[in-house]
Amino acid sequence: MAAALVAATPTTAARGRRVLLLSKNELGGGSTPFAQGGMAAVLDPDDSVALHAEDTLTAGAGLCDPAAVSALVSGAPEVISWLSSLGARLGNGHLEGGHSRRRIVHAGGDAVGAEVHRVLARALLASPVSLLTHAVALDLTDGGLLVGLARPGGSSLVVGMVRARAVVLATGGFGQAYATTTNPAGVTGDGLALAARAGAALRDVEFVQFHPTVLWDAEGRGQCPLITEALRGAGAVIVDDSGRPAVPDSLAPRDVVSAAMLERMSASGAPHLWLDATSVQRLDDRFPTVSAACRERGIDPAAEPIPVAPGAHYACGGVRADMTGRTSLPGVFAVGEVARTGVHGANRLASNSLTEAMIMGRGLGDLLGRELPRGVIPAPSAADRGIGVAPPARPALAAAMSRHAGMLRDETGLRELLRSLSHAPPGGVLDLPTVEATNLHTVSTLVAEAALARRESRGCHRRSDIAPALSNGVAA
């Protein structure tokens, strides 16, 4: 959502252009408002863009594009300044996993996403951009986009055509493909599925990052509260039932911490570990979002450890794009989490994603403000919008993805996953639940196929049936 808002605001693409922003729900949908940690940017004299780049490349386990990383780290400070000029109330100084310096710009302690969304939405609503809510993109087509509009008081969608010289995909990731995720309900891989059906080049979709510290709940399904990594940067430690440290380094890159947690949980049979934050001073004041989420579930994080387990968090791969969003399809652009620019490689460094979304959105907005493509000319769509996948298939799909394409995969499980995906029950009504189920099915198939093809363990793609390789400097 953040990348879309930036690209559409009057300081960018809206300059002399007619811009229409489509949203499945209201403007507050997407993952941006839930971002807790912050935005990575070099603002301290003790830090440097070279160090930020080195940390990013290390976390990316050899698959980052150095040019894209350079664009991110060099452009990050100016983006922070720009957000501040819009009225964002930002602070500096948090430390997160994989970072060698305290370079995490935050807001409200652990609510940077809400603050960034607030200022960007305010700028958008004050602009000439047209906003159409309760509309879902169905397919790219020659000259524009097929869109499904929700009927007032009805369930089925009305299909219409939006003609455009440029279509921008800014739909986020696909965390809802998994049983437990930090992503909200609407994050169903819509843009990635749409681009795949149109024949866009994709890359690295098998790299799905699991956040190490998601608040565990015995009944937890779907979106679960994130426990920000900045809490570990402030001194919190991942421990076992006896209170002893459960992983070698609680602030290692996320794939390393998540894998170490999974190994410990598998060995003991425990469904979760614990995050001991009782040593963190003024926890309620410094991390109010985390504190509120815990207290709603009867946990006092200042006095007792927090039950945590890894959960699906961020898609490192996606539609292949450059840092201005250009894809392999003329007139089709992708920004934010749906795009694979090469910044994140095999594993995202904490708090680089929101920074990337800002830089991409501004770059694309400037590009479209200067020139527009001749038209949208994608490959023919392979979608059958009249059938799709029945919504009741979603829980079984998510369970299968978590079991066979989660943090640890193998050939047998991935082939079983693909067999189960081939038997998804068809849906007969074109409504939003069917569109989302269809897109999740498409994305799950893409992930399973890519994970089966990559016969190595690297970053956040780990194969138990492949001899361990080096990942982020430690054994995978």
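Scroll up to find the structure.
Residues numbered from 1 in each chain as written. Predicted model: local features only at pLDDT ≥ 70, side-chain atom pairs only at ≥ 80, totals over all residues. Heavy atoms only, no water.

S.K.: Before we go on, may I ask you to explain the packing of aromatic side chains in this structure?
M.R.: A complete count under the given rule lists 1 aromatic pair for this structure. The lysine or arginine in question, Arg348, covers the ring of Tyr314, its NZ or CZ lying 4.3 Å from the ring centre. (Phe/Tyr/Trp six-rings, centres within 6.5 Å; stacked < 30°, edge-to-face > 60°. Lys NZ or Arg CZ within 6 Å of the ring centre and 35° of its normal.)

S.K.: I keep staring at the packing of helix H11 (residues 394–404) against helix H13 (residues 432–453) and nothing clicks. Help me out?
M.R.: The description of two helices packed together rests on the angle between their axes and the distance between the axes. Contact pair H11 / H13: the axes reach a minimum separation of 11 Å and the direction vectors enclose 20°. Classified by the angle their axes make, H11 and H13 are roughly parallel. The crossing of H11 and H13 is left-handed. When H11 is examined against H13, the residues Arg394, Leu397 and Met401 are found in contact with a partner set consisting of Glu436, Ala437, Leu440, His441, Ser444 and Val447. Of the residues contributing to the contact of H11 with H13, the split by class is 5 nonpolar, 2 polar and 2 charged. (Axes fitted to C-alpha atoms, helices over the stretch in contact; angles between N-to-C directions. Helix = DSSP H or I, 4+ residues; strand = E, 2+ residues; numbered from the N terminus. Parallel < 35°, antiparallel > 145°, perpendicular 65-115°, else oblique. Left-handed = near helix turned anticlockwise from the far one by under 90°. Contact = heavy atoms within 4.5 Å. Nonpolar A, V, L, I, M, F, W, Y, C, P; charged D, E, K, R; others polar.)

S.K.: In this structure, what is going on with the packing of helix H12 (residues 411–421) against H13? I would like to understand it.
M.R.: Running from N to C, H12 and H13 point in directions that differ by 155°, and their axes come no closer than 10 Å. Judged by the angle between their axes, H12 and H13 are roughly antiparallel. Considering only the axes of H12 and H13, their crossing is left-handed. The segment H12 lies against H13, with Glu411, Leu414, Arg415, Leu417, Leu418 and Leu421 engaging His441, Ser444, Thr445, Ala448, Glu449, Ala451 and Leu452. Per-class residue counts for the contact of H12 with H13 are 7 nonpolar, 3 polar and 3 charged.

S.K.: Explain the layout of surface pockets here, please?
M.R.: Any space left empty among the atoms is revealed by the rolling of a water-sized probe across them. Taken as a whole, the second largest pocket spans an internal volume of roughly 610 Å³. Together, 27 residues line the second largest pocket, and Thr180, Met265, Ala309, Pro310 and Ser402 are the ones closest to its centre. When contributions to the lining of the second largest pocket are tallied by element, the ones reaching two or more residues are strand E12 (208–215), helix H7 (254–268), strand E16 (306–315) and H11. In terms of residues, the lining of the second largest pocket owes the most to one element, E16, which gives 4 residues. Of the residues contributing to the lining of the second largest pocket, the split by class is 18 nonpolar, 6 polar and 3 charged. (1 Å grid on protein atoms, 1.4 Å probe; cavity = no way out; pocket = protein on both sides within 12 Å on 5 of 7 lines; lining within 4 Å. Points joined across faces, edges and corners; volume = space filled by probe spheres on them.)

S.K.: Can you walk me through empty space enclosed by the protein in this structure?
M.R.: Within the structure shown, the criterion is met by 2 cavities of 30 Å³ or more. There is about 70 Å³ of room inside the largest cavity. Around the largest cavity, the lining residues are Val208, Gln209, Phe210, Arg254, Asp255, Ser258, Ala259, Met407, Cys460 and Arg462. Where the lining of the largest cavity is concerned, the elements lending two or more residues are E12 and H7. When residues in the lining of the largest cavity are grouped by element, the largest group, 4 residues, is from H7. When grouped by side-chain class, the residues that make up the lining of the largest cavity number 5 nonpolar, 2 polar and 3 charged. The computed volume of the second largest cavity comes to approximately 40 Å³. Residue lining of the second largest cavity: Asp204, Cys316, Ala339, Arg340, Thr341, Gly342, Val343, His344, Gly345 and Glu356, and that is the complete set. Considered class by class, the residues forming the lining of the second largest cavity number 3 nonpolar, 4 polar and 3 charged.

S.K.: For this particular structure, what's the right way to read the sheet that holds strand E17 (residues 318–320)?
M.R.: Backbone-to-backbone hydrogen bonds join strands into a sheet, with any given pair of strands oriented parallel or antiparallel. Taken together, the 3 strands give an open sheet; going across it, the order is E11-E17-E19, and neighbouring strands pair in mixed fashion. The two strands at the open ends of the sheet, each matched to only one other strand, are strand E11 (202–203) and strand E19 (339–340). The pairing of E11 with E17 spans 2 bridges and is classified as antiparallel. Bridge pairing in E17 places Leu202 opposite Val319. (Pairing = 2+ DSSP bridges.)

S.K.: Could you clarify how one ought to interpret the sheet that holds strand E3 (residues 91–94) in this entry?
M.R.: Here we have 3 strands laid out as an open sheet, ordered E2-E4-E3, and antiparallel in their pairing. At either margin of the open sheet sits one strand with a lone partner, and together these are strand E2 (39–40) and E3.

S.K.: Before we go on, may I ask you to explain the environment of Thr327 in this structure?
M.R.: In this fold, Thr327 is placed in the loop between E17 and strand E18 (332–334). A relative accessible area of 16% places Thr327 in the buried class. With 45 residues separating them along the chain, Thr327 and Leu372 place their C-alpha atoms 14 Å apart. Beyond its immediate sequence surroundings of up to four residues, Thr327 is in contact with Val319, Arg320, Ala321, Val332, Phe333 and Ala334. (Buried < 20%, exposed > 50% of the residue type's maximum accessible area, 1.4 Å probe, protein only.)

S.K.: I keep staring at the side chain of Arg254 and nothing clicks. Help me out?
M.R.: Examined against the element boundaries, Arg254 turns out to sit in helix H7. Classification of Arg254 as buried rests on a relative accessible area of 6%. A polar contact of 3.1 Å, which involves the side chain of Arg254, links it to the side chain of Gln209. At a separation of 2.6 Å, a polar atom in the side chain of Arg254 contacts the side chain of Glu229. For Arg254, the residues in contact, after removing those within four places along its chain, are Glu96, Gln209, Phe210, His211, Pro212, Glu229, His313, Asn347, Arg348 and Ala350. (Polar contact = N/O pair within 3.5 Å; in protein donor to acceptor, adjacent residues only side chain to side chain.)

Function-wise, these values are silent; they only describe arrangement.
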